[in-house]
2 protein chains.
Amino acid sequence: MDPEARLGDLGEKAILKHIRSRIPLGPGVALGVGDDAAAVETGALTLVTTDALVEGVHFRRTWTSPRLLGRKALSVNLSDIGAMGGVPRFVTVSLMLPLEVKLEFVDGLYDGLLERAAWAGVSLIGGNLARTEGPIVIDLTVLGHADKLITRAGAQPGDLLVVSGSLGAAAAGVKLLAQGARLTEDGDLRDTGMWTESSGPLLLRCLRAQLDPSPPLAFARALAENDVVHAAMDISDGLSGDTLQLCQESGVGAWLDPINLPIDRAAAALERARGADALDLALHGGEDYELLMAVAPDRLDALKDVAVVWDVPLTVVGQVVAGAPEVKLRSGGVRLPCPMNAHDHFRAARPGTAEGGPTEGSPGA
Amino acid sequence: MDPEARLGDLGEKAILKHIRSRIPLGPGVALGVGDDAAAVETGALTLVTTDALVEGVHFRRTWTSPRLLGRKALSVNLSDIGAMGGVPRFVTVSLMLPLEVKLEFVDGLYDGLLERAAWAGVSLIGGNLARTEGPIVIDLTVLGHADKLITRAGAQPGDLLVVSGSLGAAAAGVKLLAQGARLTEDGDLRDTGMWTESSGPLLLRCLRAQLDPSPPLAFARALAENDVVHAAMDISDGLSGDTLQLCQESGVGAWLDPINLPIDRAAAALERARGADALDLALHGGEDYELLMAVAPDRLDALKDVAVVWDVPLTVVGQVVAGAPEVKLRSGGVRLPCPMNAHDHFRAARPGTAEGGPTEGSPGA
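Just so it is clear, the model here is predicted, and its values are computed rather than measured.

About the cut-offs
- Here the residue index of a chain counts from 1 through its sequence in written order.
- Each chain gets a letter, beginning with A, and each ligand a number, beginning with 1, in the order they are written.
- Reporting of local features is limited, given that this is a predicted model, to residues whose pLDDT is at least 70; pairs of side-chain atoms are given and counted only at 80 or more, and all residues count toward the totals for whole chains, interfaces and linings.
- The side-chain numbers reported here are obtained from all heavy atoms of the structure, hydrogens and water having been left aside.
- Alignment of the copies relies on least squares applied to C-alpha atoms, considering only residues that score at least 70 for pLDDT in both.
- The contact criterion used throughout is that any non-hydrogen atoms of two residues lie within 4.5 Å.
- Buried surface area refers to the total accessible area, computed with a probe of radius 1.4 Å, that the two partners give up upon joining, counted for both partners together.
- The working definition used for a salt bridge is a side-chain nitrogen of Lys or Arg within 4 Å of a carboxyl oxygen of Asp or Glu.
- Polar contacts here mean pairs of N or O atoms no more than 3.5 Å apart (in protein, one a potential hydrogen donor and the other a potential acceptor; neighbouring residues in sequence count only if both atoms are side-chain atoms).
- Paired strands are those between which DSSP finds at least two bridges.
- Strands here mean DSSP runs of E at least two residues long; helices mean DSSP runs of H or I at least four residues long; both are numbered from the N terminus.
- Between N-to-C directions, angles cover 0 to 180 degrees, with each direction set by a line fitted to C-alpha atoms, over the stretch in contact for helices.
- What pLDDT reports is the predictor's confidence in each residue, on a scale of 0 through 100.
- To pair, rings of Phe, Tyr and Trp, with the six-membered ring standing in for Trp, must have centres within 6.5 Å; the planes then decide the type, stacked if under 30 degrees apart, edge-to-face if over 60, and tilted in the middle.
- Criterion for a charge above a ring: Lys NZ or Arg CZ within 6 Å of the ring centre, and within 35 degrees of the ring normal.
- Any residue under 20% of the maximum accessible area for its type is buried, any over 50% is exposed, and the rest in between are partly exposed; the area is computed with a 1.4 Å probe on protein chains only.
- By definition in this entry, angles of less than 35 degrees are roughly parallel, angles greater than 145 are roughly antiparallel, angles of 65 to 115 are roughly perpendicular, and the rest are oblique.
- Crossings are sorted by hand: turned counterclockwise from the far helix by less than a right angle, the near helix makes the crossing left-handed, and turned clockwise it makes it right-handed.
- Just so you know the grouping, Ala, Val, Leu, Ile, Met, Phe, Trp, Tyr, Cys and Pro go in nonpolar, Asp, Glu, Lys and Arg go in charged, and all remaining residues, Gly too, go in polar.
- Helix span, expected: 1.5 Å multiplied by one less than the number of residues in the helix.
- For the purpose of charge, His is not counted, nor are the chain termini; Lys and Arg are scored as positive and Asp and Glu as negative.

A.B. asks: How would you explain the relation of the copies chain A and chain B if you had to name every residue and give the values?
C.D. replies: Between the two copies, chain A and chain B, the superposition gives an RMSD of 0.0 Å; the rotation angle is 180° and the shift along the axis is 0.0 Å. The operation mapping one copy onto its partner corresponds to a two-fold rotation axis. Residue Gly134(A) of chain A places its C-alpha closer to the rotation axis than any other residue of that unit, at 2.4 Å. In this assembly the copies share their binding face: 100% of the residues contributing to the interface of chain A also contribute to that of chain B.

Below, the structure is given as C-alpha cells:
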C-alpha cells in the first residue's frame, strides 16, 4: 500500500488488514488479532496497566517521529509493569487517528511498537482503531506476569530511599526540543537547535531520555525475585511527587537529600551552560522512568548485588520516617518542607505557552 | 467535592483520589487502583478486548448522558468478550478529558460504568486519566475468562447463519436523535423530537438500543459451555459487513435471506411511518450488539434449547456455502450480490452533515 495514502482514503478494513499482516503470533498468544477478542495464556496472577500518549499534551508530531512515539508509548507502560516486579507479556494498542494521517505514520508507529515489544519479549495481541476529529491518541494496555508483587504500600520507617539510574535528563530533553534540538526518525541527532555541535553528545542523551526512555525492566524483575525491597514505583511524575505518592500509599513520611540526588550529568552540564541548576529537573522534572525503592538498611548490600548484575547505578536519596505522608528536604542536618512542583496533568499550562512544551511531567509545561 | 467544579481547577491528584474512593475492590482483584499496575487473579486463558468511544465520532454530549455513556462504553466491550463465549472479569478505564469538563461528568460516567460492571460481574481495576485539548475519549480494556473459545474462524459450508434478538433498532435510534428525540439521564424518554407522543414506546426502544445496548452475555456464555455453534461474532458493524468478516475468517461464502431478517418491530414501525423500509437498517445499520452464529443444521435444535433458557429470540437468516468469502442475498430462489454498505470508520462522513450523525455504524453517518 502507498505509504503516502491518507487513512481516510484507505478505509478501516484495509488499514486493519495491513496492520494485522505486520503482527506476528507471539508466544503465549492463543488467538491474536482479528477476532472479537484476543486470547492469551496467563498464570494465576496477571498485572494490568494502561497509559496513553495524547498529541499536544504528551507529544508533538514535529518534535518526535512515529517510530520513537511507538517505542515510547510501549516503554511508559513497560515501566509500570517493571515497577511491580512483573514480566510484561502482552500489549493491546488502541489508536485514535484523524482521517488525514498518512499510512506511513501508522507504519512508523508500528515499527517502534514492534521493536520495543521484541526488546521486552512482549506480544502484540490486537487493539482498536477509531477515527477522531481531534488529536492523535495512542492508548496502550499491557498485561504482565508476576509471582510476587512489589507494591507502593510496603515502605517502613527507617527504610532507605534508593533511586536507579539518573534523574532530570528527560525533563532537560523537553527544554532542548523547545530550543529546536531534534532527533532523526531513528533516534540520532538531527538538529542541535540553539546549541553548538560540541554539545551534541549531551543533547543526544537528554533528547533520547525524553523521546525514547528505557526503563530498567530486567533489574526490576530481579528485585521481585530476590525480595530485597519493601516497596517500589516508577518515577514518572518527578521524584518529589512520586516520593509523596509512595508515602501516601505506605502511610509514612520521608526526606530527600537534594545534595545527593543522581542528577544526570548531561542535564547538569547543559543547565550549567545556561547559568542554571539541574536540581529542579531532578527533583520535579518527571518522565525519568527509573525506579524509586524503599529498602531496609540491612538489605542495601543485597540490593547493590542485584544492581551490579544488571549494571544499574543506585543512589541513596533519602529515608522513610514515621509520621504523616509528607516529603521534606534535608541537607546538612537542616530539614525543610519539599516544594511540591511535581507535574499535574490537570493543572498544566497549554502546550507551547512556556519553554517547556507539551510533555507531561516537564518543568515548563 | 463540588460537582460543578472543572477538572482543570481540581487537579489530577484530587480527581484520581475522588474516582478511587468510588471503586470497590472486586472479586479476583489482588491489587486495585493506586499502584503502578493492577494485579488480578486469572486462569489459564485470558480474553482481552479494547474499544473506545470518541466524542464527535461515536457520541455527542448533547445526545446522551454521562451515565449512559459509561454504560455503553462498557457494554460494547462486554459484547466482544461475550462473542468469544467468555466471562468478562475486569476492566480498565482510560479517559482523555478536556480541562473544562466538570466533575459531575466524570461522576456520571462512573455511575454508568459501575452499574454496568455490577450487572456483568466485572471489577474496575484502574486505568488512566489524561488531559486532552480535543474530544473526550473513553477507552476501555476488558479482560475475561474462557475455557473454550468461540472464534470467527469455524464456520463450515452448510452451517445455518443464526442471529439473536432483533436488528436495526440502534441504527434507527441515531435517526431519532438527529430528529430531536432524547432520553433522560437515566434512560427514560425526555423528548419525542419531531414525533408525536403516541410513538413514545417505539422511540424509547430504539433510543435505548442506540444509547444503552445490552449484549446477550449469559446466552453467549452458555453457547460456549454447550459447544453448539461452529463460529460466532457480535454484530457491531452491521449484519452484512459482519457476515463478510465471518466468511473471511472462516474461508467460506454465505447468503442472507432479506425476507427473513429479524427486523426490530419498533424500527420497522417508525420507518414505515416515514414511508421507508427498515431492511437497510437491519442489514447494514450496525451497533446491534447481537450475536451472529454459524451452526450445523443438526445442532439447530440444541441451539434453540439454549436460547429458550436465556429467553433469547433466534432467527435463521442465511447459510454458509463453500467458496470465496463473499455474501449474497437470496430470496425466493434468486441470488444477488449483497451491497456492502457496512459502516467504515475511516470513510465516514463528518458528524452532523447527514441526518445520521456521529454514531459509527449508523446508516446516515
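After that view of the structure, there is still more to cover.
A.B. asks: Give me the lowdown on the interface of chain A and chain B, citing residues and values where you can.
C.D. replies: Facing 77 residues of chain A, the contacting portion of chain B comprises 77 residues. Taking both partners together, chain A and chain B bury about 5800 Å²; carbon and sulfur atoms supply 52% of that area. Here chain A and chain B share eight salt bridges between them. Between Asp237(B) and Lys13(A) there is a salt bridge whose closest N-O contact spans 3.4 Å. The tally of links from chain A across to chain B stands at 29 residue pairs in polar contact (both at pLDDT 80 or more).

A.B. asks: Please provide a residue-by-residue account of the sheet that holds strand 14 (residues 327-331) of chain A, values included.
C.D. replies: Residues and elements named next belong to chain A. The strand order across the open sheet built from seven strands is 10-12-7-13-11-14-15, with neighbouring strands paired in mixed fashion. Edge positions in the sheet fall to strand 10 (231-235) and strand 15 (334-337), since each of these pairs with one other strand and no more. For this sheet, the mean angle separating the axes of adjacent strands, direction not counted, is 30°. Sheet analysis places strand 7 (residues 160-164) next to strand 13 (residues 314-321), joined by five bridges and oriented antiparallel. Across the sheet, the residue bridging to serine 164 is leucine 314, located in strand 13. Against the sheet, helix 8 (residues 239-250) makes contact with strand 7, strand 10, strand 11 (253-256), strand 12 (290-295) and strand 14, and its axis sits at roughly 150° relative to strand 10, the strand it touches most.

A.B. asks: An account of the confidence of the model for chain A is requested, with residue identities and associated values reported.
C.D. replies: Detail in the predicted coordinates should be disregarded across regions flagged by low pLDDT. Residues and elements named next belong to chain A. Counting all residues, the mean pLDDT for chain A is 92, and 93% of those residues have values of 70 or more. pLDDT under 50 marks residues 348-365. Its contacts with residues more than four places away, or in other chains, come to 62 contacts. The ipTM value of the predicted complex is 0.92, and its pTM value is 0.93.

A.B. asks: Lay out the packing of aromatic side chains in plain terms, naming residues and giving numbers.
C.D. replies: Residue and element names in this part refer to chain B. Under the definition given, this model contains zero aromatic pairs over all chains. One cation-aromatic arrangement involves arginine 116 over tryptophan 119; the distance from NZ or CZ to the ring centre is 3.9 Å. Just above the ring of tryptophan 255 sits the side chain of arginine 330; from NZ or CZ to the centre is 4.5 Å.

A.B. asks: Would you mind going over the pattern of salt bridges in detail, with residue names and values included?
C.D. replies: Going through the model one piece at a time under the given rule, you end up with 44 salt bridges over all chains. Of the charged contacts in the structure, one is a salt bridge between Asp36(A) and Arg152(B), with a shortest N-O distance of 3.0 Å. Of this pair, Asp36(A) sits in the loop between strand 1 (29-31) and strand 2 (38-41) while Arg152(B) sits in the loop between strand 6 (137-145) and strand 7 (160-164), each in a different chain. Given a relative accessible area of 5%, Asp36(A) falls into the buried group. The exposure class of Arg152(B) is buried, given its relative accessible area of 10%. The partner of Asp9(B) in a salt bridge is Arg6(B), and the shortest N-O contact between them spans 3.2 Å. Residue class for Asp9(B) comes out partly exposed when judged on its relative accessible area of 47%. Note on Arg6(B): relative accessible area 34%, which makes it partly exposed.

A.B. asks: Can you break down the packing of helix 6 (residues 200-211) of chain B against helix 9 (residues 265-273) of chain B residue by residue, with the values?
C.D. replies: Residue and element names in this part refer to chain B. As a packed pair, helix 6 and helix 9 sit with axes 9 Å apart at the nearest point and diverge in direction by 120°. In terms of their interaxial angle, helix 6 and helix 9 are classed as oblique. In the packing of helix 6 onto helix 9, the handedness of the crossing is left-handed. On helix 9, the residues that touch Leu202, Leu203, Arg205 and Cys206 of helix 6 are Ala266, Ala267, Ala269 and Leu270. By residue class, the composition of the contact of helix 6 with helix 9 is seven nonpolar, no polar and one charged.

A.B. asks: Describe helix 8 (residues 239-250) of chain B, and please don't skip the residues or the numbers.
C.D. replies: All names here are of chain B. For helix 8, which comprises twelve residues, the first-to-last C-alpha distance of 16 Å matches the rise-based estimate of 16 Å (1.5 Å per residue) to within 8%. For helix 8, the tally of buried residues reaches ten of twelve residues, placing the bulk of the element in the interior. Of all the residues in helix 8, the buried ones are Leu239, Ser240, Gly241, Asp242, Thr243, Leu244, Gln245, Leu246, Cys247 and Ser250. Among the residues trailing helix 8, glycine 251 stands out with phi positive, at a value near 70°.

A.B. asks: Describe in detail the side chain of Asp51(A), supporting the description with residues and values.
C.D. replies: Residue position: Asp51(A) is located in strand 3 (residues 45-54). In this structure, Asp51(A) is buried with no salt-bridge partner, the nearest side chain bearing the opposite charge being Arg152(A) at 9.3 Å. Ignoring anything within four residues of it in the chain, the contact list for Asp51(A) reads Val76(A), Asn77(A), Asp80(A), Ile138(A), Asp139(A), Leu140(A) and Asn128(B).

A.B. asks: So what about the sheet that holds strand 14 (residues 327-331) of chain B? Which residues, and what values?
C.D. replies: Residues and elements named next belong to chain B. Strand order in this open sheet of seven strands is 10-12-7-13-11-14-15, and the pairing throughout is mixed. On the outer flanks of this sheet lie strand 10 (231-235) and strand 15 (334-337), each paired with one strand and no other. Geometrically, the sheet is characterised by an average inter-axis angle of 30° between neighbouring strands, direction not taken into account. The sheet strands contacting helix 3 (residues 66-83) are strand 10 and strand 12 (290-295), and the helix crosses strand 10 at an angle near 170°.

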